[in-house]
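What follows is the residue order along each chain.
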Amino acid sequence: MILSCCGGGTSAPDSIIPSTQNIPSLPLFQESPIKLIDAVSYYSQACNKPSFQFLIPVEINNDIYMDFIAHFWCDSPTPAKFDDLPVQDALVAYLSDGFGGYTIDNNEVFGLVNAQLGGASRKYSRGDLNGDGKDDFAFAMNWEDGRASYDYESMIANYAQPSILMSHESGYTIQRLGNPDWGHSVQVKDNIVLFGGHSSQAFKLVDSTWIDISEQYLDLSFASFLVYDDYIINSVRRNGLQGLELRENNETISSLMTEESFKVNFESWNNQGTGKYNELGVYSIRGENYFDGMTSEMCRQDDLIIATINASKLRSGEIIEGGYYSETDTDPVVLFAFYEIKNKELVEKQIEVIGEEINHNFNFFDCIDVNGDQMSDIVAQVFSQPWDDQDDNQGVPEVYKNTGNGYMNIDTSSWPTYSINDGSQGYLFDVDSSGTFDLVMFPLKMNISGDVEIFLSNRHVVN
């Protein structure tokens, strides 16, 4: 492009500025990943091939790189059989050296080499419970490792005590509080932690002492709940209805419910092969019949509530009322739904998700601004499974860009993938404090390797 000035004439040849179209752009991610080594010498104290439940980014030693806390737990050696022994688990702390390298140092972080949460973790919530400016973590815990759950005795055998990682000057102490329960959901609000299971528990931290305030938070959902200012948004299923309820001061003030179409007999994964069936509702969602269909996760973006509805579909044929089905006959489905609160009413919003991939299974998603446009996007931590082409993202999360009036599934086909051909998952996080989001990937189970791969980014994910 030739630049001219007001005084007439033309500019000298060295004033020619190349078009930005001709300037090669940096690749989105760096070519070689940072690797966190397989923590086999730590989790092998519990079992050889545990589930890799969480890899939590957290600042511990205050350099520019995030540190990580990993949690592993062991699957039942006798699935669908009765077992009342604790689920074995392991915590592992990865500390950054400040230059992109990591070492494992449990003794420094937890004061223990073999640190444990006390079972299988299902969800966690982060917040500053003790007011020291550092993140603390609350975990919904259970012993649901695949053991039986077909009667009261076996159901109780799935119970575990909730756990807390509480920060101190150089690391974390492991605390357990409350009653054992089949913990599934948890939220942190200021210095209060709330747990949902077969019962509801809530505790307030006052001068390093936990005060039981469960009577202030009755009926917290087993499946999922969200703290929204002074409200609780509960995922519920009862009396043939499922959906969301808005609660204030322990009273339901609004609800959005869907009535089940009919019931079937269903054999869950805990009872696989036992022939023990429970009644399960079938719901019509967006014109299709699905088993179950319950809100499993929620986040808040400004005034918008984003939720996922987890259900399952029959692999072939139609679901017949009163029929007998096993979880092995189904494939999981995850659908996004959107809500807001208006005049103390819960209202569903019709928001388009272009390219929504409902057949990619996942438990968790993040509401984060990955492209720096001040609008939160959605990043789904999908399970990649090489034996199922439909679900094999090879560790790469599903990213839905916020377009201002909806969401659009962006193309991630050129992104680096997890190098090990095994089940994996991933998420986006600013690991090196550069202001852009990096790609973090790790295995679902330690079948082949437990290496973590982190690809640092050169620019924003979506330009």
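Only a predicted model underlies this, so the values are computations on that prediction, with no experimental measurement involved.

Participant: How should the overall build of the protein be read in this particular structure?
Facilitator: Counting its regular elements, the protein contains three helices and 32 strands. The C-alpha radius of gyration of the protein comes to 24 Å, within 12% of the 23 Å expected for a compact globule of 463 residues. Taken along its principal axes, the extent of the C-alpha atoms in the protein is 90 × 55 × 45 Å. A buried classification covers 53% of the 463 residues belonging to the protein. For the protein, the proportion of contacts with a sequence separation of at least 24, taken over those separated by at least 6, is 56%. A total accessible area of about 21,300 Å² is found for the protein, and carbon and sulfur atoms account for 46% of it. Charge-centre separation for the protein: the mean point of 26 positive side chains lies 4 Å from the mean point of 69 negative side chains.

Participant: When you look at the sheet that holds strand S26 (residues 365-368) in this model, what are you seeing that I'm missing?
Facilitator: Two orientations exist for strands paired in a sheet by backbone hydrogen bonds: parallel and antiparallel. Read across the sheet, five strands follow the order S25-S29-S28-S27-S26 without closing on themselves; strand pairing throughout is mixed. The open sheet has two edge strands with one neighbour each: strand S25 (352-354) and S26. Strand after strand, the sheet turns through a mean of 20° between neighbouring axes, direction not considered. The pairing of S25 with strand S29 (residues 406-409) spans three bridges and is classified as parallel. From the neighbouring strand, Ile354 faces S29, where its bridge partner is Met408.

Participant: Whenever I open this one, unusual backbone geometry confuses me. Can you help?
Facilitator: Leave glycine aside and you will find that most residues have negative phi; peptide bonds, for their part, are mostly trans. The phi dihedral of Ser208 falls on the positive side, at around 70°, and the residue is not glycine. Mapped onto the secondary structure, Ser208 falls in the loop between strand S12 (200-206) and strand S13 (209-212). Its relative accessible area of 70% is what places Ser208 among the exposed residues. Look at Asn249: it is not a glycine, yet its phi comes out positive at around 55°.

Participant: I keep staring at the state of the cysteines and nothing clicks. Help me out?
Facilitator: Linking two cysteines covalently via their sulfur atoms produces the bond known as a disulfide. Taken as a whole and assessed by the stated rule, the structure comprises two disulfides. Residue pairing for Cys47: its cysteine sulfur links by disulfide to Cys74, the two sulfurs lying 2.1 Å apart. Because the sign of the S-S torsion sets the handedness, a value of about -100° for the bond joining Cys47 and Cys74 places this disulfide among the left-handed ones. Linking Cys47 in the loop between helix H1 (40-43) and strand S2 (51-58) with Cys74 in the loop between strand S3 (67-73) and strand S4 (89-96), this pair joins segments that are 27 residues apart in sequence. Of the two residues examined, Cys47 and Cys74, each falls in the buried class. If one numbers only the bonded cysteines of the protein, in the order they occur, the disulfide pattern is 1-2, 3-4.

Participant: Sorry if this is basic, but what is going on with the pairing of S29 here?
Facilitator: Regular strands show a simple pattern: their side chains alternate between the two faces of the sheet. Bridge count between strand S28 (residues 398-402) and S29: three bridges; the pairing is antiparallel. Bridged to Tyr400 within S29 is Asn409. Joining the antiparallel neighbours S28 and S29 is a turn of three residues, in which Gly404 adopts a positive phi near 100°.

Participant: Which parts of the structure should I look at to understand the confidence of the model for the protein?
Facilitator: Looking at the protein as a whole, the pLDDT averages 92, with 94% of positions reaching at least 70. The low-confidence segment residues 1-23, where pLDDT is below 50, has eight contacts with residues more than four positions distant or belonging to other chains.

Participant: What is the right way to read the pattern of salt bridges from this model?
Facilitator: Close approach of charged atoms allows side chains of opposite charge to pair. For the structure on display, the rule yields 17 salt bridges. Between Arg126 and Asp135 there is a salt bridge, with its nearest N and O atoms 2.9 Å apart. Between Arg247 and Asp219 there is a salt bridge whose closest N-O contact spans 3.8 Å. With Arg247 in strand S16 (residues 241-248) and Asp219 in the loop between S13 and strand S14 (225-228), this pair connects stretches of sequence that are 28 residues apart.

Participant: Sorry if this is basic, but what is going on with the packing of aromatic side chains here?
Facilitator: Two aromatic rings are characterised by how far apart their centres lie and by the angle between their planes. Counted by the stated rule, this structure contains 20 aromatic pairs. Both rings, one in Phe54 and one in Phe364, keep their centres 5.5 Å apart while their planes meet at 40°; by these two values the pair is tilted. Of this pair, Phe54 sits in strand S2 while Phe364 sits in the loop between S25 and S26; the two residues are 310 residues apart in sequence, bridging distant segments of the chain. With relative accessibility at 5%, the residue Phe54 sits in the buried group.

Participant: Whenever I open this one, the sheet that holds strand S17 (residues 251-259) confuses me. Can you help?
Facilitator: Spatial strand order, S14-S15-S16-S17: four strands in an open sheet with antiparallel pairing. Each end of this open sheet is capped by a strand with a single partner; those strands are S14 and S17. Recorded for the sheet is a direction-independent mean angle of 20° between the axes of neighbouring strands.

Participant: Which parts of the structure should I look at to understand the side chain of Asp181?
Facilitator: Positionally, Asp181 belongs in the loop between strand S9 (172-176) and strand S10 (185-189). It turns out Asp181 is buried and unbridged, and the closest side chain with the opposite charge, Arg122, is 13 Å from it. Asp181 has contacts with Met141, Asn142, Asn158, Tyr159, Ala160, Gly197, His198, Ser199 and Gln201, leaving out every residue within four places of it along the chain.

Participant: Would you mind going over the side chain of Thr308 with me for this structure?
Facilitator: With respect to the helices, strands and loops of the structure, Thr308 is situated in strand S21 (residues 304-314). Looking at Thr308, the relative accessible area reads 1%, which means it is buried. Setting aside its immediate chain neighbours within four residues, Thr308 contacts Met294, Thr295, Ser296, Glu297, Val334, Leu335, Phe336, Phe362 and Phe365.

Basis of the calculations
- Per-chain numbering applies: the sequence of each chain, read as written, is numbered from 1 onward.
- Thresholds applied to this predicted model are a pLDDT of at least 70 for local features of residues and 80 or more for the giving and counting of side-chain atom pairs; totals over whole chains, interfaces and linings are not thresholded and use all residues.
- Hydrogens and water molecules were not included; the side-chain quantities draw on all heavy atoms of the structure.
- Put simply, DSSP marks the helices as runs of H or I at least four residues long and the strands as runs of E at least two long, and each gets a number from the N terminus on.
- Radius of gyration: over C-alpha atoms. The globule rule applied is 2.2 Å multiplied by the number of residues raised to the 0.38 power.
- Working definition: with a 1.4 Å probe on protein chains only, accessible area under 20% of the residue-type maximum means buried, over 50% means exposed, and in between means partly exposed.
- Whether two residues touch is decided by their heavy atoms; if any such pair falls within 4.5 Å, the residues are in contact.
- Only the protein chains shown count as cover for residues, and the accessible areas themselves come from Shrake-Rupley with a 1.4 Å probe.
- Counting rule applied: Lys, Arg positive; Asp, Glu negative; His and chain ends not counted.
- Here the site of a charge means NZ on Lys, CZ on Arg, CG on Asp, or CD on Glu.
- Here, a strand pair is defined by DSSP locating no fewer than two bridges between the strands.
- Angular values range over 0 to 180 degrees, each being the angle between N-to-C directions of two axes fitted as lines to C-alpha atoms, with helices fitted over their stretch in contact.
- In plain terms, two cysteine sulfur atoms within 2.5 Å form what is called a disulfide here.
- The predictor reports its confidence for every residue as pLDDT, a score running from 0 up to 100.
- The working definition used for a salt bridge is a side-chain nitrogen of Lys or Arg within 4 Å of a carboxyl oxygen of Asp or Glu.
- The criterion for an aromatic pair is that two Phe, Tyr or Trp rings (for Trp, the six-membered ring) have centres within 6.5 Å, with stacked assigned to planes under 30 degrees apart, edge-to-face to planes over 60 apart and tilted to the rest.

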